[in-house]
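Commentary on secondary and tertiary structure
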Amino acid sequence: MNEESKTYQNIICTFCGALCDDIEIKVKNNKIENIKNACAISRKKYEHAQKDRTVPQIKGKEVKYNKAVSAAAEILSSSRNPLIYGLSSTTAEAQKAAVELAEKCGANIDSTSSVCHGPGTLAKQLVGMVSATLGEVKNRSDMMIFWGANPVEAHPNHAKRYSILSQGMYRKNRKDREIIVFDVRKTPTAKLADHFFQVKPNSDFEILMALQMLVSGRTPTSEDGRIGGIELVKLKDLAEKMKKVKYGSVFYGMGLTMSRGKYMNTWAAMSLVRNLNDYGRFVMIPMRGHGNVAGSEITMAWQTGYPFAVNFSRNYPRYNPGEFSAVDLLARREVDAAFIIASDPAASLPHEAAEYLKKIPTIVLDPHWNLTTEIADVVIPSAVKGIGASGTVYRMDHVPLQLRKFLDDSWPDDASAVSRIGELIEND
Ligand code: SF4
């Protein structure tokens, strides 16, 4: 039947942590006809959302959906030390169901956070983080610092919706804000900045500590007049400016959390921001990558008390990144089965960890084929979140948003699949 086309307003794009909620989608005959307000990444994702869809499989053979779900339950219930991993591209409802399943199986549960912003979360546990919503930053921030983050390429609508080019209530345009970028190379974001500070690779910690000293009126020593590749005199100028702004904000990316020093880099940045609150208001927001990776930490912390790398083998949650994080468990070959939810570790984890997945029974729950579905023993398809499935997601500033489905999907959503596996294990 040829239906009338229907336009859906304020759809949330779930492809990165900015979760832009102004996408307009025209649908006809259960197909996307037109997309408005989406960035280049988002447009491509929407165009491909209904292509390359998974089907239920066991050992490469197509089976009925329920059979694949039962096979997953069998693998998990017979495993002695399973791993549940991924979770950053699914809804909070599925994340909650995954924690319940982990508890039932005595499993390890970890999200992709442990290989991206996890070190920042460890730093937050040490020193705390002064933060704000993106809306507050857009309306008030007169100095924006991007550290190891390149939103122009990774979060293309961030600049116009929330930061550099946005129209805020009190900061109306680009001229009302001073933009500063710290990075190891001159990125497209750096090209939009008033000041670009080129960081000598792996020197973020030294620079941040030098800024902390300068803000508190002390001068660090340097034989060549530079710290981490940046002239000391320029850092001194910046420290003075930082003390004078009304509302400063730091957006930090994996260039900070994953360079040498890891959580200590973010600890130094958080301590600096905390100290700057003696002079004016200063806040920090992580530039989260996957659509609901912030939600994976929030949901896991709400359910277990810990944000990632949690182990249930003693029937209560234990937390130890480095011991219970997925890369370490796989590289040390300590797990004997894996359930991958909405993630592609075969493409993103270090070779040794990814290779081990081929040696153990691996289940993948994902709407699309990827490198991990290629090596999986069991593949369970699911509805695409934000398109064929509703649910809750958390933006990079921890604001929860409600997804609305606008297409019918052939498969149940992630939360239903994970809960069903849990029920089958219970009934075992
Ligand atoms: S910036 Fe991110 S959330 Fe916004 S439209 Fe682009 S991919 Fe989607």
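Residues numbered from 1 in each chain as written. Predicted model: local features only at pLDDT ≥ 70, side-chain atom pairs only at ≥ 80, totals over all residues. Heavy atoms only, no water.

Notes on the overall build of the protein
Secondary structure summary: the protein contains 18 helices and 21 strands in total. In terms of overall dimensions, the protein has C-alpha extents of about 65 × 55 × 30 Å along its principal axes. Counting every atom, the protein has about 18,300 Å² of accessible surface; 48% of that belongs to carbon and sulfur. One way to put it: in the protein the 55 positive side-chain charges average out to a point 5 Å from where the 48 negative ones average out. (Helix = DSSP H or I, 4+ residues; strand = E, 2+ residues; numbered from the N terminus. Areas by Shrake-Rupley, 256 points an atom, 1.4 Å probe, with all protein chains shown as cover. Lys, Arg positive; Asp, Glu negative; His and termini not counted. Charge placed at Lys NZ, Arg CZ, Asp CG, Glu CD.)

Describing the pairing of strand β20 (residues 391-394)
Here β20 shows a buried face lined by Gly391 and Val393 and a second buried face lined by Thr392 and Tyr394. Pairing of β20 with strand β21 (residues 400-403) involves four bridges; the strand directions are antiparallel. Across the sheet, residue Gly391 finds its bridge partner in β21, namely Leu403. Linkage of β20 to β21, two consecutive antiparallel strands, is achieved through a turn of five residues, within which His398 is found at a positive phi near 75 degrees. (Buried < 20%, exposed > 50% of the residue type's maximum accessible area, 1.4 Å probe, protein only. Pairing = 2+ DSSP bridges.)

Considerations on the side chain of Asp414
Mapped onto the elements, Asp414 comes out in helix α18 (residues 414-426). For Asp414, the side chain forms a polar contact with the side chain of Thr90, separated by 2.5 Å. Those residues in contact with Asp414 that lie beyond four places of it in its chain are Thr90, Ala94, Ala342, Leu365 and Ser382. (Polar contact = N/O pair within 3.5 Å; in protein donor to acceptor, adjacent residues only side chain to side chain. Contact = heavy atoms within 4.5 Å.)

Brief notes about the sheet that holds strand β16 (residues 318-319)
Strands sit in the order β5-β4-β19-β18-β17-β6-β7-β15-β16 across an open sheet of nine strands; the sheet is mixed. Each of the sheet's edge strands pairs with one partner strand only, and the pair in question is β5 (61-62) and β16. Inspection of the sheet shows strand β4 (residues 57-58) paired to strand β19 (residues 378-380) by two bridges, in the antiparallel sense. Of the residues in β19, the one forming a bridge with Ile58 is Val378.

Comments concerning the nonpolar core
By size, the foremost hydrophobic cluster in this structure holds 36 residues, and its most contacted members are Ile23, Ile25, Tyr46, Val137, Phe251 and Phe406. Of all elements in the fold, only β1 (6-11), β2 (23-28), α5 (134-140), β8 (143-147), β9 (178-183), β13 (247-252) and β14 (281-286) reach the threshold of two or more residues within this core. Of the residues forming this core, the biggest block, three residues, is contributed by β2. When residues are assigned to domains, this core turns out to be shared by domain 1 (53-115 + 291-387 + 406-427) and domain 2 (118-286), each giving three or more. Setting aside its immediate chain neighbours within four residues, Phe406 contacts Tyr8, Ile11, Ile25, Val27, Ile32, Tyr46, Gly386 and Ile387. The next biggest cluster of nonpolar side chains, apart from the first, holds 34 residues, and it includes Ala73, Ile84, Ala97 and Val99. (Core = buried A, V, L, I, M, F, W, Y, C linked by side-chain atoms within 4.5 Å. Domains from an automatic or database assignment.)

Observations regarding the domain arrangement of the protein
Partitioning the protein into structural domains gives domain 1 (53-115 + 291-387 + 406-427) and domain 2 (118-286). Centre-to-centre separation of domain 1 and domain 2, based on C-alpha positions: 35 Å. Taking both partners together, domain 1 and domain 2 bury about 480 Å²; carbon and sulfur atoms supply 55% of that area. Put simply, domain 1 and domain 2 have three residue pairs in polar contact (both at pLDDT 80 or more) between them. (Buried area = accessible area lost by both parts, 1.4 Å probe.)

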